[in-house]
Amino acid sequence: MWYVKKVFNNNVVLIEEDNKEKVIFGKGIGFGKKIGEMIGRENVDKIFSIEDNQNGKNFRNLISYADSNVVGMCEEAIYMIERELNESLDEKIHISLTDHIALTLKRLKEDKEIHNPFLVETETLYKREFDIAKKVARFIEKTMKVEIPDGEIGFITLHIHSARNEGKLSNTIKYTFLGNSIVEYIEDTLDIYIDRQSLDYARFLTHVRFAIERVMANNMVKNELLDVIKNTYKESFKIAKGVAKIIEEDVDMRILEDEIAYLALHVERLKNSSNK
């Protein structure tokens, strides 16, 4: 048996065990319950535990001012996300996603626009997370009787992706922002328009993402066709060197010509498939 510390909604309850806040989820387990009452362990489908002391402090602060129904809904959404992915998420998502959605609902209530300049890049780079974020958005709409714009789905996607990567939202945003900057550089240099819905665009962004990760992990690749690419696609290789410089300035690491040659192939493909 546990003592109830807070009831968020009929399905989500906060308890304390071993001096740690734990959120328990189960159909109807919070119905009619009050603070201080005992609650049984039966019918509990999932237990979320906040292990880190600072995260625990932040979570307690969050639930002290956030609407309990919103917190409960977000906990149900997090449970949904973990089931969809079949994996556990970084515990920071209990604070970051809940705080974000609470603010979003406030902005929507005040009729403020939610603008996401990297929506297409986010959907392209993190397709699986984006599909799950759409389900989360539909769940929020059904629960809160509000319409969630596409831009917000992109932001939820970033939170899901970061929670799968030890809570590093900054790197997630960095990849998205950097990819957008690089594509704009290519468009300006070649005087072309790149279709953000095209397969070539999706492939290019994905390659840039993995190229950055390889550079940061110091896991350089060998390109046996380096000389051939340099001689055959001279303009694209030159532009790829400019792309590499943008990445280098951002991650403060050098990119070898082997990696630049792979970028050049993608630049060449974008050049051939785009319109003036």
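Before any of the text, the structure's been laid out above.
What counts as what
- Residues numbered from 1 in each chain as written.
- Predicted model: local features only at pLDDT ≥ 70, side-chain atom pairs only at ≥ 80, totals over all residues.
- Heavy atoms only, no water.
- Helix = DSSP H or I, 4+ residues; strand = E, 2+ residues; numbered from the N terminus.
- Buried < 20%, exposed > 50% of the residue type's maximum accessible area, 1.4 Å probe, protein only.
- Contact = heavy atoms within 4.5 Å.
- Lys, Arg positive; Asp, Glu negative; His and termini not counted.
- Charge placed at Lys NZ, Arg CZ, Asp CG, Glu CD.
- Salt bridge = Lys/Arg side-chain N within 4 Å of Asp/Glu carboxyl O.
- Pairing = 2+ DSSP bridges.
- Patch = residues over 30% accessible without salt bridge, like charges linked within 9 Å, V, L, I, M, F, W, Y side chains within 5 Å.
- Areas by Shrake-Rupley, 256 points an atom, 1.4 Å probe, with all protein chains shown as cover.
- Axes fitted to C-alpha atoms, helices over the stretch in contact; angles between N-to-C directions.

Colleague: Looking at this structure, how should I read the overall build of the protein?
Modeller: Assigned secondary structure in the protein consists of 11 helices and five strands. Viewed in the frame of its principal axes, the protein has a C-alpha envelope of about 75 × 40 × 25 Å. For the protein, buried positions account for 49% of its 276 residues. For the protein, restricting intrachain contacts to residue pairs at least 6 apart in sequence, the fraction spanning at least 24 positions comes to 67%. In the protein, 41 positive and 48 negative side-chain charges are present, and the distance between their average locations comes to 1 Å.

Colleague: How should the pattern of salt bridges be read in this particular structure?
Modeller: Two side chains of opposite charge can pair, provided their charged atoms sit close to one another. Under the defined criterion, the tally for this structure stands at 18 salt bridges. Two residues, Asp-131 and Lys-127, come together in a salt bridge whose shortest N-O distance is 3.1 Å. Here the residue Asp-131 and the residue Lys-127 both occupy positions in helix H5 (residues 127-144), the gap between them amounting to four residues, near one helical turn. We classify Lys-127 as partly exposed; its relative accessible area is 46%. Glu-129 serves as the salt-bridge partner of Arg-164, at 3.1 Å between the closest nitrogen and oxygen. Within this pair, whereas Arg-164 is found in the loop between helix H6 (150-163) and helix H7 (169-190), its partner Glu-129 is found in helix H5, the two being separated by 35 residues in sequence. On the accessibility criterion, Arg-164 (27% relative accessible area) is partly exposed. Judged by its relative accessible area of 6%, Glu-129 is buried. Several salt bridges share partner residues, and in doing so they unite Glu-17, Lys-22 and Arg-41 into one network.

Colleague: Looking at this model, I keep getting lost on the pairing of strand E1 (residues 2-9). Mind explaining?
Modeller: In this structure, E1 lies alongside strand E4 (residues 38-39), joined through two bridges in antiparallel fashion. Among the inter-strand pairings, Tyr-3 is bridged to a residue of E4, identified as Met-38. Both E1 and strand E2 (residues 12-17) contribute to a ladder of four bridges, which runs antiparallel. Each residue of the ladder has a partner; that of Lys-6, found in E2, is Leu-14. The hairpin turn running from E1 into E2, its antiparallel successor, is two residues long.

Colleague: Which parts of the structure should I look at to understand a nonpolar patch on the surface?
Modeller: A surface patch of nonpolar side chains, amounting to about 350 Å² of accessible area, comprises Met-1, Tyr-3 and Met-38. Structurally, the position occupied by Met-38 is in strand E4.

Colleague: I'm lost on the sheet that holds strand E5 (residues 46-49) in this one. Help?
Modeller: One key point about sheets: their strands pair by backbone hydrogen bonds, in either a parallel or an antiparallel sense. Spatial strand order, E4-E1-E2-E3-E5: five strands in an open sheet with antiparallel pairing. Bordering the open sheet on either side are E4 and E5, each of which pairs with just one other strand. Across four bridges, the pairing between strand E3 (residues 20-25) and E5 is antiparallel. Paired with Val-23 across the two strands is Phe-48, which belongs to E5. Where helix H2 (residues 68-85) meets the sheet, its contacts fall on E1, E2, E3 and E5, and the angle it forms with E1 comes to roughly 95°.

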